[in-house]
Amino acid sequence: MGTITVMNKKYLNYLLLGFTTALLFSSFIYLQHFGFINKFVNTILGLLAFGLLLYIPKKAILFSGFFIGLFWFYWVGYSFEYQGLGFMTPIIGFAFGLLYLLFFLPLYFTDKAYIRALLLFGLSFLAPLDWNWMQLELPFVDSYIGIQKYQFAALLAALSLPSLIENKYYRYTPLLLLLVALNYGYKEQENAPLKIKLVTTDIKQDLKWTPQALKPTVDMIFTEIKKAQQEGYDLIIFPESVFPLYMNRNPALLRTLLKASHGITIVAGALLSENSKHYNVTYMFQNGEYKIAKKLVLVPFGEYIPLPKFAQKIINETFFGGASDFITAKEPTDFLIKGVKFRNAICYEATTERLYQGDFKYMIAMSNNAWFADSIEPTLQNLLLKYYARKYGVTIYHSANYKGSGVIK
């Protein structure tokens, strides 16, 4: 009995240690979600989190990985409610806990800090099931530590190498490597030389695609266009799928937008049906003409299934009613707006490396965050947009439904 009690206490300690590690690793998200951003606090919390990941007992690693997945991605299942599968919400949250238990599992097989450091650096290049929102450098995006790979490597070396030094006088000298990890400034970012209006909408997801919401939504869009034109804006940007319809099947609406575009450039999200294929797209109306940008990177398990073909079909039909079948573009799309080049990005793809390849300074990003209302998703998205904007020296103009709009640098 006494042995069992001791074992239970041990596992409780592992659980508490893993939970604490995950809490520290996730704290920067929740602090920003509640309006608190402090570089010093984020630096200390981030260093403590990685220190624990390097040194906690093996069994505690399992709990930390599970809780990290849960704390970061509990909200992913919220979208299933709108597919008539609300019962899946807690199951999906639990599945993300298991996914990141497996993601951090390599750390379980060693208690040597320097090997864990090498493993963490390797894991920073991986995206399980193509889901890339776990960027290990992200806790430092608003801190005194930099977010480039060499800075992350220096940080891991600084924290892990003391375990190899037996001499107590020199044991902590590797901490000097934190000087290399410090943020000495990001690539230069600048505002676009245009007057830009970002429109934030708040259309509930359960109403967005209903027939009764269509007319009020379209009326709101044209009211915003007229107002922006009167206020002297060069460009107005609306959120993803702000037009809840296949734009190319609505010629009268297209003509009205083309007419309005003589006074102001309009960028808005909609759907496109072409050759029996469906696209999530951006329309850019300018000077009586329009250009379409198709999405390049789809959302895993939302717009495509990152599994073998036979599993794709089963899951798509069973859980998504065939809706997870969008088609992608071959390459990123750039808009030339009044002589200024903008890279187009729709929601998830604005948080992927692929969209930042090439020569451009400005990005138009649009999202529909109503899928995940009342969660940390818009906050985590904002942090990821900051991460890529600062890493690549890009200024992002983000228009979102529900939350998240703003100029991101």
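Structural data are supplied above this passage.
Note that the structure is predicted; figures quoted are calculated from it, not measured.

Visitor: Break down the overall build of the protein chain for me, with residues and values.
Guide: A tally of regular secondary structure across the protein chain gives 12 helices and 10 strands. The globule rule puts the C-alpha radius of gyration for 409 residues at 22 Å, and the 23 Å found for the protein chain is close to it. Here the C-alpha coordinates of the protein chain stretch approximately 75 × 45 × 35 Å along the principal axes. The buried share of the protein chain, taken over its 409 residues, is 52%.

Visitor: Give a detailed account of the pattern of salt bridges, specifying residues and quantitative values.
Guide: Counted under the stated rule, the structure contains 10 salt bridges. Between Asp142 and Arg390 there is a salt bridge, with its nearest N and O atoms 3.0 Å apart. Linking Asp142 in the loop between helix 5 (113–123) and helix 6 (149–160) with Arg390 in helix 12 (residues 377–392), this pair joins segments that are 248 residues apart in sequence. For Asp142, a relative accessible area of 8% corresponds to the buried category.

Visitor: Let's hear about helix 2 (residues 39–55): which residues, and what values?
Guide: A rise of 1.5 Å per residue sets the reference length of helix 2, with its 17 residues, at 24 Å; its end C-alpha atoms lie 24 Å apart and thus fit the reference within 8%. When helix 2 is considered as a whole, its buried residues turn out to be Asn42, Thr43, Leu45, Gly46, Leu47, Ala49, Phe50, Gly51, Leu53 and Leu54. Between the side-chain oxygen of the N-cap and the backbone nitrogen of Phe40 there are 3.0 Å, and the N-cap of helix 2 in question is Asn38.

Visitor: Report on the sheet that holds strand 4 (residues 277–286), specifying residues and quantitative values.
Guide: Judged by pairing direction, the sheet is mixed, and its five strands sit side by side in the order 1-2-3-4-5 without closing on themselves. Each having just a single partner strand, strand 1 (196–198) and strand 5 (289–294) make up the two edges of the open sheet. The mean angle between the axes of side-by-side strands here comes to 30 degrees, regardless of whether they run parallel or antiparallel. The sheet contact formed by strand 4 and strand 5 spans six bridges and is antiparallel. Each bridged residue has a counterpart across the sheet, and for Thr282 the counterpart in strand 5 is Ala293.

Visitor: Outline the packing of helix 3 (residues 58–73) against helix 4 (residues 89–103), supporting the account with residue identities and numerical values.
Guide: Interhelical geometry of helix 3 versus helix 4 gives an angle of 135 degrees and a closest axis separation of 7 Å. In terms of orientation, helix 3 and helix 4 fall into the oblique class. As for the relative orientation of helix 3 and helix 4, their crossing is right-handed in sense. Residue-level contacts link Leu62, Gly65, Phe66, Gly69, Leu70 and Phe73 of helix 3 to Gly93, Phe94, Phe96, Gly97, Leu98, Tyr100 and Leu101 of helix 4. For the contact of helix 3 with helix 4, the per-class residue count stands at nine nonpolar, four polar and no charged.

Visitor: Describe the environment of Asn13, listing the residues and the values that go with them.
Guide: Tracing the backbone shows Asn13 in helix 1 (residues 2–33). Looking at Asn13, the relative accessible area reads 49%, which means it is partly exposed. With 47 residues separating them along the chain, Asn13 and Ala60 place their C-alpha atoms 8.1 Å apart.

Visitor: Which residues make up the side chain of Thr282, and what values go with them?
Guide: Along the chain, the position of Thr282 falls in strand 4. Here Thr282 falls in the buried class, since its relative accessible area comes to 0%. Side-chain polar atoms of Thr282 contact the side chain of Asn344, separated by 3.0 Å. The contact partners of Thr282, leaving out residues within four places of it in the chain, are Val267, Ala268, Gly269, Lys291, Ile292, Ala293, Phe335, Asn344, Ile346 and Met366.

Visitor: Tell me about a nonpolar patch on the surface, and please be specific about residues and values.
Guide: A cluster of nonpolar side chains, namely Tyr114, Leu118, Tyr150, Leu161, Leu164, Leu177 and Val180, defines an oily patch on the protein surface of about 630 Å² accessible area. Mapped onto the elements of the fold, Tyr114 is located in helix 5. For Tyr114, a relative accessible area of 31% puts it in the partly exposed group.

Visitor: Can you explain the pairing of strand 8 (residues 362–368)? Please cite residues and give values.
Guide: Here strand 8 lies mainly inside the structure; seven of its seven residues are buried. The two faces of strand 8 match: Tyr362, Ile364, Met366 and Asn368 on one face and Met363, Ala365 and Ser367 on the other face are all buried. When strand 8 meets strand 9 (residues 395–401), the two strands line up parallel, connected through seven bridges. Bridging across to strand 9, Ile364 finds its partner in Tyr397. At this point the chain moves from strand 8, through helix 12, to the parallel strand 9, and the crossover so formed is right-handed.

Visitor: Tell me about the pairing of strand 6 (residues 334–337), and name the residues and values.
Guide: Where burial is concerned, the two faces of strand 6 differ: the one with Phe335 and Ile337 is buried and the one with Asp334 and Leu336 is not. Inspection of the sheet shows strand 6 paired to strand 7 (residues 340–346) by four bridges, in the antiparallel sense. Pairing of Ile337 across the sheet is with Val340, part of strand 7.

Visitor: Would you mind going over the packing of aromatic side chains in detail, with residue names and values included?
Guide: Here the structure, examined in full by the defined rule, presents 39 aromatic pairs. Here Tyr283 and Tyr290 contribute two aromatic rings whose centre-to-centre distance is 5.7 Å and whose plane-to-plane angle is 45 degrees, an arrangement assigned as tilted. Lys208 extends its terminal NZ or CZ atom over the ring of Trp209, reaching a point 5.7 Å from the ring centre. Above the face of the Tyr246 ring, Arg249 is positioned so that its terminal group lies 4.5 Å from the ring centre.

What counts, and at which threshold
Residues numbered from 1 in each chain as written. Predicted model: local features only at pLDDT ≥ 70, side-chain atom pairs only at ≥ 80, totals over all residues. Heavy atoms only, no water. Helix = DSSP H or I, 4+ residues; strand = E, 2+ residues; numbered from the N terminus. Rg over C-alpha atoms; globule rule 2.2 N^0.38 Å. Buried < 20%, exposed > 50% of the residue type's maximum accessible area, 1.4 Å probe, protein only. Salt bridge = Lys/Arg side-chain N within 4 Å of Asp/Glu carboxyl O. Expected span 1.5 Å × (residues − 1). Polar contact = N/O pair within 3.5 Å; in protein donor to acceptor, adjacent residues only side chain to side chain. Pairing = 2+ DSSP bridges. Axes fitted to C-alpha atoms, helices over the stretch in contact; angles between N-to-C directions. Parallel < 35°, antiparallel > 145°, perpendicular 65-115°, else oblique. Left-handed = near helix turned anticlockwise from the far one by under 90°. Contact = heavy atoms within 4.5 Å. Nonpolar A, V, L, I, M, F, W, Y, C, P; charged D, E, K, R; others polar. Patch = residues over 30% accessible without salt bridge, like charges linked within 9 Å, V, L, I, M, F, W, Y side chains within 5 Å. Areas by Shrake-Rupley, 256 points an atom, 1.4 Å probe, with all protein chains shown as cover. Right-handed = clockwise from strand over helix to strand, strands pointing away. Phe/Tyr/Trp six-rings, centres within 6.5 Å; stacked < 30°, edge-to-face > 60°. Lys NZ or Arg CZ within 6 Å of the ring centre and 35° of its normal.

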